Amino acid sequence: MKKLISLLLAAGMAVSLAACGGTAATSESAAAESTADAASTAEAAADSDLAYIKEKGKMTIGYTVYAPMNYTDENGEFVGFDTELATAVCEQLGVEPEFVEINWDTKIVELDAKSIDCIWNGMTLTDDILANTACTEAYAKNAQVVVMKAGSGYTSTADLVGKTVVAEAGSAGETTIQEDENLAQADYISKGVQTDCLMEVAAGTADAAVLDLTLASAMIGEGTDYADLEIVDELNAEEYGVAFRQGSDAAAAVNDAFVVLKADGTMQALADKYGLTLAE
């Protein structure tokens, strides 16, 4: 009888140990699955530029001082078409805008280094930009123009062969000079920002500047600091877009926000306010 009881007790303990072992194994398996899921989620977030921006809670926007796109007005307020449009888009995405002034000539380097999340500053959608970044759809139209002192007697770019011409380094204006048969024969000097180009022409240290129509229209002529300057030629037409890192999914999210802001009239109101023409 004692032997039988001992056998029964041993069998009971074996079943109990087996049950405990099963529970432990199940818990370990669940923990492993949970860890794997977390790792998978983290990896997905790492691959998503939009998730990275949302996790930070802000979009870091690279810009240069460029009226009417991004500039400080007479009241000390940071304003402009791009400033206000970017702010509206960030509101749609649930993040805060953070504007960081950059060197335009190294904009893609700063983008790839993640010191900024996007370039949003009246940026022309050139072949180079399209090849090296993830761009939004065009949101505004522009052109490159030649600006000179009033009464210069300009007839065509042939008049500027051998003359001093300025443009912003890395800009569409610089590309226009390089690609125009006559302007390529000018004495070209690059400047840090487009407003410096206007200063050179006004001071007489440059004969002409090639820059964006939007900036020129806002900053020269009667009632401005450059009343003696005028647009003498309009060259190639172009479009503005926003550039994110290559492969970024944030560009598509901004496109979706553009659809909403066009539909509710926000973008057109900003275009009217700052004298721009929206892209079709």
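Please refer to the structure higher up on the page.
Residues numbered from 1 in each chain as written. Predicted model: local features only at pLDDT ≥ 70, side-chain atom pairs only at ≥ 80, totals over all residues. Heavy atoms only, no water.

Chemist: Mind showing me how you'd approach the packing of aromatic side chains here?
Modeler: Here the distance between the centres and the angle between the planes together describe a pair of aromatic rings. Under the criterion given, the structure shown has 7 aromatic pairs. Both rings, one in Tyr63 and one in Phe78, keep their centres 5.0 Å apart while their planes meet at 55°; by these two values the pair is tilted. Of this pair, Tyr63 sits in strand E1 (residues 58-63) while Phe78 sits in strand E3 (residues 78-79), and the two are 15 residues apart along the sequence. On the basis of relative accessible area, Phe78 is assigned to the partly exposed category, the value being 28%. Summarising the aromatic geometry, the rings of Trp120 and Phe258 are spaced 6.1 Å apart at their centres and angled 80° between planes, so their arrangement reads as edge-to-face. Taken as a pair, Trp120 in strand E5 (residues 118-124) and Phe258 in helix H9 (residues 250-263) lie far apart in primary sequence, 138 residues in all. Of the two residues examined, Trp120 and Phe258, each falls in the buried class. Grouping aromatic residues by their ring pairs yields a cluster made of Phe81, Trp120, Tyr139, Tyr240 and Phe258. If you follow Lys114 out to its NZ or CZ, it ends over the ring of Tyr52, 4.0 Å from the centre. (Phe/Tyr/Trp six-rings, centres within 6.5 Å; stacked < 30°, edge-to-face > 60°. Helix = DSSP H or I, 4+ residues; strand = E, 2+ residues; numbered from the N terminus. Buried < 20%, exposed > 50% of the residue type's maximum accessible area, 1.4 Å probe, protein only. Lys NZ or Arg CZ within 6 Å of the ring centre and 35° of its normal.)

Chemist: It is not clear to me how the nonpolar core should be interpreted in this structure. Could you clarify?
Modeler: Among soluble globular proteins, nonpolar side chains are generally buried collectively. Formed by 52 residues in total, the largest nonpolar core has its most connected members in Met59, Phe81, Leu85, Trp120 and Tyr139. In this view, Leu85 contacts Trp120, Tyr139, Phe258, Leu261, Met267 and Leu270; residues no more than four positions away in its chain are not counted. (Core = buried A, V, L, I, M, F, W, Y, C linked by side-chain atoms within 4.5 Å. Contact = heavy atoms within 4.5 Å.)

Chemist: Can you help me understand the pattern of salt bridges in this one?
Modeler: Here the idea is simple: oppositely charged side chains can pair when their charged atoms come close. In total, this model carries 7 salt bridges according to the counting rule given. Between Glu98 and Lys58 there is a salt bridge, with the nearest N and O atoms lying 3.4 Å from each other. Pair noted here: Glu98 is in strand E4 (residues 96-101) and Lys58 is in strand E1, with a separation of 40 residues, a long-range link. Overall, the relative accessible area of 29% leaves Glu98 in the partly exposed class. You can call Lys58 partly exposed: its relative accessible area is 31%. For the salt bridge of Lys191 with Glu200, the shortest nitrogen-to-oxygen distance reads 2.9 Å. Through salt bridges with shared partners, a single ionic network connects Asp49, Lys56, Asp117 and Arg245. (Salt bridge = Lys/Arg side-chain N within 4 Å of Asp/Glu carboxyl O.)

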